[in-house]
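Given next are the chains, with one letter for each unit.
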Amino acid sequence: MAVPPTPNDRRLVLVVEDEPAIADLVVLHLERAGFATLVERDGDAALAAVARHTPAVVVLDIGLPGRDGIEVCRALRSAGDWTPVLFLTARDDHVDRVVGLELGADDYIVKPFSPREVVARVQAVLRRTAASPRPPDEVLRLGQLECDLAGRRVIVAGADVAFTATEFDLLAHLLATPGRVFTRAQLLRAVWGEDALLTLAGDRTVDVHIAQVRAKLAPHDAIRTVRGVGYAAFTARELGALGADQVNP
Ligand code: CA
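Treat the numbers as computed from the prediction; the structure is a model and nothing was measured. (Residues numbered from 1 in each chain as written. Predicted model: local features only at pLDDT ≥ 70, side-chain atom pairs only at ≥ 80, totals over all residues. Heavy atoms only, no water.)

**Structural notes on the overall build of the protein chain**
Next up, step 1: A count of helical and extended segments in the protein chain gives 9 helices and 12 strands.
Next up, step 2: Taken across its 249 residues, the protein chain has 50% of its residues classed as buried.
Next up, step 3: Partitioning the intrachain contacts of the protein chain with sequence separation of at least 6 by distance along the chain shows that 59% fall at a separation of at least 24.
Next up, step 4: Working note: accessible area of the protein chain is about 11,600 Å², and carbon and sulfur atoms make up 53% of it. (Helix = DSSP H or I, 4+ residues; strand = E, 2+ residues; numbered from the N terminus. Buried < 20%, exposed > 50% of the residue type's maximum accessible area, 1.4 Å probe, protein only. Contact = heavy atoms within 4.5 Å. Areas by Shrake-Rupley, 256 points an atom, 1.4 Å probe, with all protein chains shown as cover.)

Quick look at the structure:
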């Protein structure tokens, strides 16, 4: 689990939520867990706060007055800002839309949620974006893909492709052991952390993020679905046997 920040190095979480009762509850629990917090109540103020304060994570409600959470996330990403975003969604928001490819959200929580869950997810996002335990110069290579673990870059056929922290960790986990099949539960545990196993949308979360990763890798996707089990990266030999590096229709 994430180490609580020291008082001198408290990581800042920007909470963007227009309902004061919800914002207060989230802030209370984040601060108890040792985070510094900042609350904004609309999208424009949120964008200004990200630029001014460079928070470690943004907890972003989708239903905001004016510019909504989805537009805020899109504005950040299109400006090249990859600050991790954890969406708060209403039950009737579609997950695909929420973590849609062009948005680059790192995770989402469906309302009503427990404030502890928010804290756990924030800690998990920070853990995922923390320094990799692998040797800093390691680069995973498969077919046309390069995954630079130290620089957290994905290079597809020589070109950099922007990945969210979550997408990067998912791809790196699969590429680290090509051919090994991971269940969705194993991927959840490895990438999102133990807490993710408790959430109902867990399997769906994995599927949606895998779909995003694949779309970004296309036409050099090297992930295969193992029906009824989970996902694996192709081995270099399998890629070669297929005679092409585009292996998924
Ligand atoms: Ca709202």
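Next comes the rest of the account.
**What about the coordination of the calcium ion?**
Next up, step 1: The calcium ion binds to the protein through D18 (OD), D61 (OD) and G63 (O), with metal-donor distances spanning 2.2 to 2.3 Å.
Next up, step 2: Coordination of the calcium ion draws on donor residues from a single chain, spaced D-x42-D-x1-G in sequence. Linking D18 in the loop between strand 1 (12–16) and helix 1 (20–32) with G63 in the loop between strand 3 (57–61) and helix 3 (69–78), this pair joins segments that are 45 residues apart in sequence.
Next up, step 3: Take D18: its relative accessible area is 28%, and that puts it in the partly exposed class. (Donors = N, O, S within 2.8 Å, 3.2 Å for Na, K, Ca; no water.)

**Description of unusual backbone geometry**
Next up, step 1: The omega torsion across K111 and P112 is -5°, close enough to zero to call that bond cis.
Next up, step 2: Residue placement: P112 occurs in the loop between strand 5 (107–110) and helix 5 (115–129).
Next up, step 3: Residue P219 follows A218 across a cis peptide bond; omega there is 5°.
Next up, step 4: Here P219 is to be found in the loop between helix 8 (202–217) and strand 11 (223–226).
Next up, step 5: Positioned with a positive phi, T54 is a non-glycine residue whose angle comes to about 35°.
Next up, step 6: Within the secondary structure layout, T54 lies in the loop between helix 2 (43–53) and strand 3.

**Points about the packing of aromatic side chains**
Next up, step 1: For the structure shown, the criterion picks out 0 aromatic pairs.
Next up, step 2: Stacked on the ring of F163, the Lys or Arg K216 has its end atom at 5.3 Å from the ring centre.
Next up, step 3: The ring of F234 has R224 lying over it, and the distance from NZ or CZ to the ring centre is 5.7 Å. (Phe/Tyr/Trp six-rings, centres within 6.5 Å; stacked < 30°, edge-to-face > 60°. Lys NZ or Arg CZ within 6 Å of the ring centre and 35° of its normal.)

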